[in-house]
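# A closer look at the structure
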Amino acid sequence: MNVPAQSEEQMDPEYKMSSENLDFYYGDFKALHDVSMVFKPREVTALIGPSGCGKSTFLRCLNRMNDLIPISRVDGRITLDGDDIYAPAVDVVMLRRKVGMVFQKPNPFPKSIFDNVAYGLWVNGIKDKAFVQERVEESLKQAAIWDEVKDRLQDTALGLSGGQQQRLCIARALAVKPEVVLMDEPASALDPIATQKIEELIHQLKETYTIIIVTHNMQQAARVSDVTAFFYIGKLVEVGDTDTIFTRPGKKQTEDYITGRFG
Ligand SMILES: Nc1ncnc2c1ncn2[C@@H]1O[C@H](COP(=O)(O)OP(=O)(O)OP(=O)(O)O)[C@@H](O)[C@H]1O
C-alpha cells in the first residue's frame, strides 16, 4: 500500500496517524515487516490475525509502549498529525496522553474509583479540585459507567465487576482527553453482556476519537470497525473497508482466516 510522503500527508487532514514501512525487532527477531497503513479521524480500525502475527506489537508501536522493552528496535515511521512520533524531540509522556491505551485485562489501581480516573490528571500536573471533579464525572459518563458508580466514588475500584473495571479503565484513559485510543482486546476477559456494553461504547466514542482495536473475535471486528487490517506472520496482508474485507477479501489468506479455515 502506498502511503503519501510526509509533506503531502501533513497537508491532508484526512489522516490522524500513519505507519510507513514499519519494521519492528525484538532483538534479532523481526516481528513486523514493512507495515504501511493510515488511520483516519473518528474511524474504528480493527487489527485481526492469528495469534503471534504482531497485532499487539503493532498497536504498542503506535504510542511507543514498546520503548519499555530494552531489546526492541523500530525502523520506518509512525506519524501523528503528520509528525514522526519516534523523532528524538518527542515527549513520550505527552505522546501517550494523546494516544491512550486500554489493555486486555482491566487493570485498575488499588485505589478509589475517583482516584483511578483522576490519576492521569494529577500525573499531568492538574491540581484544581473542581476541574478534576468535573473531568472525572465527564469521563465516567463518556465511558457509560457513571450511573453505576456515582454514589460510591470513594469505594475501591477493585470491588467493581470485570466489565465495570474495564469501563473504568476506559474512563481513566479518556480523562486526559486523548485523540487516539488504542484497545488491545478490551472485551476478551468479559462476559457477553459486558462485551456488548464495551462495543456500544466504542460506537459512541468514535464520534470523538480515532480508535484502533486488536480483537480475536471476527464478529466483533465486523460489528465495531469501519476498517479492518489483517496481519499474518508480521506482515500486513490486507487492509480495507470492513464490509469488503468480510464479504469480498482480496487475498486468499484473509479469506481463509475470516472463514475460520486457519488461525
Ligand atoms: N517482549 C517480547 N520479546 C520477544 N518477543 C516478543 C515479545 N512480545 C511479543 N513477541 C513475539 O512477537 C511476535 C508477535 O507477538 P504479538 O504479541 O504482537 O502478536 P499478536 O498477534 O498480538 O498475538 P496474540 O493474538 O496472541 O496476542 C510473536 O512471535 C511473539 O512471540
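Procedures and definitions
- One numbering rule holds for all chains: residues counted from 1, following each sequence as written.
- The predicted nature of this model means local features are confined to residues of pLDDT at least 70 and side-chain atom pairs, given and counted, to a pLDDT of 80 or more, with totals for whole chains, interfaces and linings taken over all residues.
- As a rule here, side-chain values cover all heavy atoms of the structure and leave hydrogens and water aside.
- Numbering of helices and strands starts at the N terminus; helices are DSSP runs of H or I of at least 4 residues and strands are runs of E of at least 2.
- This radius of gyration counts C-alpha atoms alone. The globule rule is 2.2 Å times how many residues there are, raised to the power 0.38.
- Only protein chains enter the area calculation, which uses a 1.4 Å probe; residues under 20% of their type maximum are buried, those over 50% are exposed, and those in between are partly exposed.
- Note on contacts: a residue pair is in contact if any heavy atoms of the two residues lie within 4.5 Å.
- The method behind every accessible area is Shrake-Rupley, applied with a 1.4 Å probe, and residues are considered shielded solely by the protein chains displayed.
- Under this rule, positive means Lys or Arg and negative means Asp or Glu; His and the chain ends count for nothing.
- Just so you know, the charge point we use is NZ for Lys, CZ for Arg, CG for Asp and CD for Glu.
- To define axes, lines are fitted to C-alpha atoms, for helices over the stretch in contact only, and angles between the resulting N-to-C directions are given on a 0 to 180 degree scale.
- Comment on the angle field: the value is read as roughly parallel under 35 degrees, roughly antiparallel over 145, roughly perpendicular from 65 to 115, and oblique elsewhere.
- Working rule for handedness: look at the near helix, and if it is turned counterclockwise from the far one by less than a right angle, call the crossing left-handed; if clockwise, right-handed.
- Residue classes follow a fixed rule: Ala, Val, Leu, Ile, Met, Phe, Trp, Tyr, Cys and Pro count as nonpolar, while Asp, Glu, Lys and Arg count as charged, and any other residue, Gly among them, counts as polar.
- Near residues are defined by distance, with any heavy atom within 4 Å of the molecule or strand qualifying the residue.
- Within 3.5 Å is the distance limit for a polar contact, defined as a pair of N or O atoms, with the added protein rule that one can donate a hydrogen and the other accept it, and that residues adjacent in sequence qualify only through two side-chain atoms.
- Helix span, as expected, comes to 1.5 Å for every residue beyond the first.
- What the arc measures is the spread of directions leading from the helix axis to the C-beta atoms.
- Only buried residues count toward a nonpolar core, which is a set of Ala, Val, Leu, Ile, Met, Phe, Trp, Tyr and Cys residues joined through side-chain atoms within 4.5 Å.

When its secondary structure is counted, the chain shows 11 helices and 10 strands. Compactness check: the chain gives a C-alpha radius of gyration of 18 Å against a globular reference of 18 Å for 263 residues, within 12% of the reference. Its C-alpha atoms give the chain principal-axis dimensions of about 50 × 45 × 35 Å. Here the chain holds 263 residues, and the buried ones make up 51% of them. Partitioning the contacts of the chain with sequence separation of at least 6, the portion at a separation of at least 24 is 67%. Total accessible area on the chain stands at roughly 12400 Å², and carbon and sulfur atoms take up 50% of it. Taken together, the 31 basic and 37 acidic charged side chains of the chain have centroids lying 4 Å from each other.

In contact at an axis separation of 8 Å, helix 5 (residues 129-142) and helix 7 (residues 162-175) are set at 130° when each is read in the N-to-C sense. Viewed along their axes, helix 5 and helix 7 adopt a mutual orientation that is oblique. Two packed elements cross with a definite hand, and for helix 5 against helix 7 that hand is right-handed. The segment helix 5 lies against helix 7, with Arg135, Ser139, Leu140 and Gln142 engaging Leu168, Ala171, Leu174 and Ala175. Tallied by class, the residues present in the contact of helix 5 with helix 7 amount to five nonpolar, two polar and one charged.

The next thing to look at is the environment of Ala118. Examined against the element boundaries, Ala118 turns out to sit in helix 4 (residues 113-123). If we ignore the near neighbours within four places in the chain, the residues touching Ala118 are Val132 and Val136.

Now for the site of the ligand. Taken together, 14 residues lie near the ligand, and Ser51, Gly52, Lys55, Thr57 and His216 sit nearest. A distance of 2.8 Å separates an oxygen atom of the ligand from a polar atom in the side chain of Ser56. His216 is positioned with one of its side-chain polar atoms (N or O) 2.8 Å from an oxygen atom of the ligand. Surface burial for the ligand is 64%, taken as the share of its 630 Å² of free accessible area covered by protein chains. Elements supplying a minimum of two residues to the shell around the ligand: strand 2 (29-39) and helix 2 (55-61). The leading source of residues in the shell around the ligand is helix 2, at three residues. Partitioned by chemical class, the residues of the shell around the ligand number six nonpolar, six polar and two charged.

Attention shifts here to helix 4. The α-helix winds at 3.6 residues per turn, so residues separated by three or four positions along the chain end up facing the same way. Taken together, the buried positions of helix 4 are Ile113, Phe114, Asn116, Val117, Ala118, Gly120 and Leu121. Those residues of helix 4 that are buried lie in contact with helix 5, helix 6 (146-149) and helix 7. After helix 4 finishes, the residue Gly125 shows a positive phi value of roughly 85°.

Below, the discussion takes up helix 5. For helix 5, which comprises 14 residues, the first-to-last C-alpha distance of 20 Å matches the rise-based estimate of 20 Å (1.5 Å per residue) to within 8%. Looking at helix 5, one finds that the buried residues are Val132, Arg135, Val136, Ser139 and Leu140. Buried residues of helix 5, seen end-on, are gathered within an arc of 130° and therefore sit on one face of the element. Buried residues along helix 5 sit against helix 4, helix 6 and helix 7. Of the residues that open helix 5, the one with a side-chain oxygen 3.1 Å from the backbone nitrogen of Ala130 is Asp128. Note on helix 5: the residue one or two positions beyond its end, Ala144, has a positive phi of about 55°.

Moving on: the nonpolar core. Among the nonpolar cores identified, the biggest contains 45 residues, and Leu140, Ile170, Met183, Ile202, Leu205 and Ile211 are the most heavily contacted of them. Of the residues forming this core, the biggest block, six residues, is contributed by helix 7. Excluding residues within four positions of it along the chain, Leu140 makes contact with Val117, Ile145, Trp146, Val149, Leu153, Leu168 and Ala171. Of all hydrophobic cores here, the second largest spans 28 residues; its members include Leu47, Ile78, Ala229 and Leu236.

The next thing to look at is unusual backbone geometry. For Lys177, which is not a glycine, the phi torsion comes out positive at approximately 55°. What makes Lys177 partly exposed here is its relative accessible area of 39%. In this structure, Glu185 takes a positive phi of about 45° despite not being glycine. A relative accessible area of 11% means that Glu185 is categorised as buried.

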